[in-house]
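Spelled out from the first residue to the last, the chains are:
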Amino acid sequence: VTCYIDQMSTWYDMKTRQEVTNSHLFSEIQDSLGTFGLNGLDRLLCFMIVKELQNFLGLFHRTVLRDKSVQDSLKALQKVVIPLKAVVANSSKIYSNAITKTQRIWPSYLDAIMKVGQMQILRQQIANELNYSCKFDSKHLAAALENFNEAILADIEAHYQDPSQPYPKEDNSLLYEITAYLETAGNHNPLNKIYITTKRLSYFPIVIFIFLIAQLLKLQYVKNLGMSCRKPADPVDWPPLVLGILTLLKQFHSRYTEQFLALIGQFIRSTMEQCTSQKIPEIPADRKS
């Protein structure tokens, strides 16, 4: 089991604390397989992420939408947290009960989301290597692609502000072709990509919220490293966890992300309110991460 340190772009073994690999791996792959080989690996990771996200949606249907006991727990929590701008009274007990009643479904969620997060980190590293290689080996192509991309985005934005402005038609392959060039040149952000089409899912934001605060119990804050795992025997790697959740939210309407962030904000306010309202303020043990 590895731990990814973002500041160093390096993976370490959680138990031995020895380096496993780092970003130089992708330079070696580039030297061995070339640009198209590295781009092929990136495409493979894309399909693997799509498969993992589809598996997660199937898991969500089985564990939430077809489980009445879980739905009852979620409905009870929703009644307490609405309106989202309010502070939850006795928040420690409320949130702990929600985690306890749903804890059996989180291990499978954690596995799927962490896989997506790890693959997104790999895609980011590959994009960095491809972009560096493109700028070094073909700076004119890199500059042309970057300027062309910015020009197209400016035209699209102008069209949405004024529909009379030109916009590529549906049968125009321009956007598809420029996307292929940009991804091959590493000029893209994997975190902004829509991998799958989704439908509206009941309880989705609050489920992801409870999942996240359930994982916080396994983490602690370290000044030099940020969030790190409390116990190697119960591993949770923070960067892949965050990127996995971000990728998952990106597949849905932006209102889901807004609701999720509102729940996180309410959680923080409620926890701090409970701590400061005590005669001797003390942060609960499960909130010290």
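This write-up is about the structure you can find in this document. (Residues numbered from 1 in each chain as written. Predicted model: local features only at pLDDT ≥ 70, side-chain atom pairs only at ≥ 80, totals over all residues. Heavy atoms only, no water.)

### Notes on the overall build of the protein chain
Here is step 1: Counting secondary structure elements, the protein chain contains 9 helices and 5 strands.
Here is step 2: Along the protein chain, helices and strands appear, N-terminal first, in the series β-β-β-α-α-α-α-α-α-α-β-β-α-α.
Here is step 3: Overall size of the protein chain, expressed as C-alpha extent along the three principal axes, is 65 × 55 × 35 Å.
Here is step 4: Looking at the protein chain residue by residue over its 289 residues, the buried ones come to 42%. (Helix = DSSP H or I, 4+ residues; strand = E, 2+ residues; numbered from the N terminus. Buried < 20%, exposed > 50% of the residue type's maximum accessible area, 1.4 Å probe, protein only.)

### Considerations on the environment of Ile 5
Here is step 1: Relative to the helices and strands, Ile 5 is located in strand β1 (residues 2-5).
Here is step 2: For the pair formed by Ile 5 and Asp 237, sequence separation is 232 residues and the distance between their alpha carbons is 9.3 Å.

### Notes on the sheet that holds strand β2 (residues 10-13)
Strand pairing within a sheet occurs via backbone hydrogen bonds; the two strands may be parallel or antiparallel.
Here is step 1: Taken in spatial order, the 3 strands line up as β1-β2-β3 in an open sheet, and their pairing is antiparallel. Of all the strands in the sheet, just β1 and β3 (19-22) have a single pairing partner and so form its edges. The sheet shows a mean angle of 25° between the axes of neighbouring strands, direction not considered.
Here is step 2: Of the strand pairs in this sheet, β1 and β2 are connected by 4 bridges, and their pairing is antiparallel. Across the sheet, residue Tyr 4 finds its bridge partner in β2, namely Trp 11.
Here is step 3: The sheet contacts of helix α4 (residues 106-137) involve β1 and β2, and relative to β2 the element is tilted by about 140°. (Pairing = 2+ DSSP bridges. Axes fitted to C-alpha atoms, helices over the stretch in contact; angles between N-to-C directions. Contact = heavy atoms within 4.5 Å.)

### Some thoughts on unusual backbone geometry
Here is step 1: Going from Ile 82 to Pro 83, the amide bond is cis rather than trans, its omega being 0°.
Here is step 2: Its location among the elements puts Pro 83 in the loop between α2 (68-81) and α3 (91-102).
Here is step 3: One non-glycine residue with positive phi stands out, namely Ser 9, at about 50°.
Here is step 4: By the secondary structure assignment, Ser 9 is in the loop between β1 and β2.
Here is step 5: At Asn 90, a residue that is not glycine, the phi angle is positive and equals roughly 55°.

### Focus: the nonpolar core
Here is step 1: In this structure, Phe 56, Tyr 109, Phe 204 and Phe 209 are the most contacted members of the largest nonpolar core, which totals 64 residues.
Here is step 2: Looking at this core, the elements with two or more residues in it are α1 (24-65), α2, α3, α4, α7 (204-216), α8 (238-250) and α9 (254-276).
Here is step 3: Examining the composition of this core, we find that 12 residues originate from one element, α1, more than from any other.
Here is step 4: If near-sequence neighbours (up to four positions away) are discounted, Tyr 109 is found in contact with Phe 56, Leu 59, Phe 60, Thr 63, Val 64, Val 207 and Phe 211.
Here is step 5: One finds Cys 134, Ile 178, Leu 182 and Ala 185 within the second-largest nonpolar core, a separate group that totals 8 residues. (Core = buried A, V, L, I, M, F, W, Y, C linked by side-chain atoms within 4.5 Å.)

### Considerations on the pairing of strand β4 (residues 219-222)
Here is step 1: Bridging between β4 and strand β5 (residues 226-229) involves 4 bridges; their strand directions are antiparallel. Following the sheet pairing, Gln 220 is matched in β5 by Ser 228.
Here is step 2: Counting the residues that bridge the hairpin from β4 to β5 gives 3 residues.

### Some remarks on the pattern of salt bridges
Here is step 1: Applying the stated criterion across every chain, the model contains 6 salt bridges.
Here is step 2: Ionic pairing is found between Asp 72 and Lys 68, a salt bridge with its closest N-O pair at 3.3 Å. Placement of the pair is Asp 72 and Lys 68 together in helix α2, with a separation of 4 residues, close to one helical turn.
Here is step 3: We classify Asp 72 as partly exposed; its relative accessible area is 36%. (Salt bridge = Lys/Arg side-chain N within 4 Å of Asp/Glu carboxyl O.)

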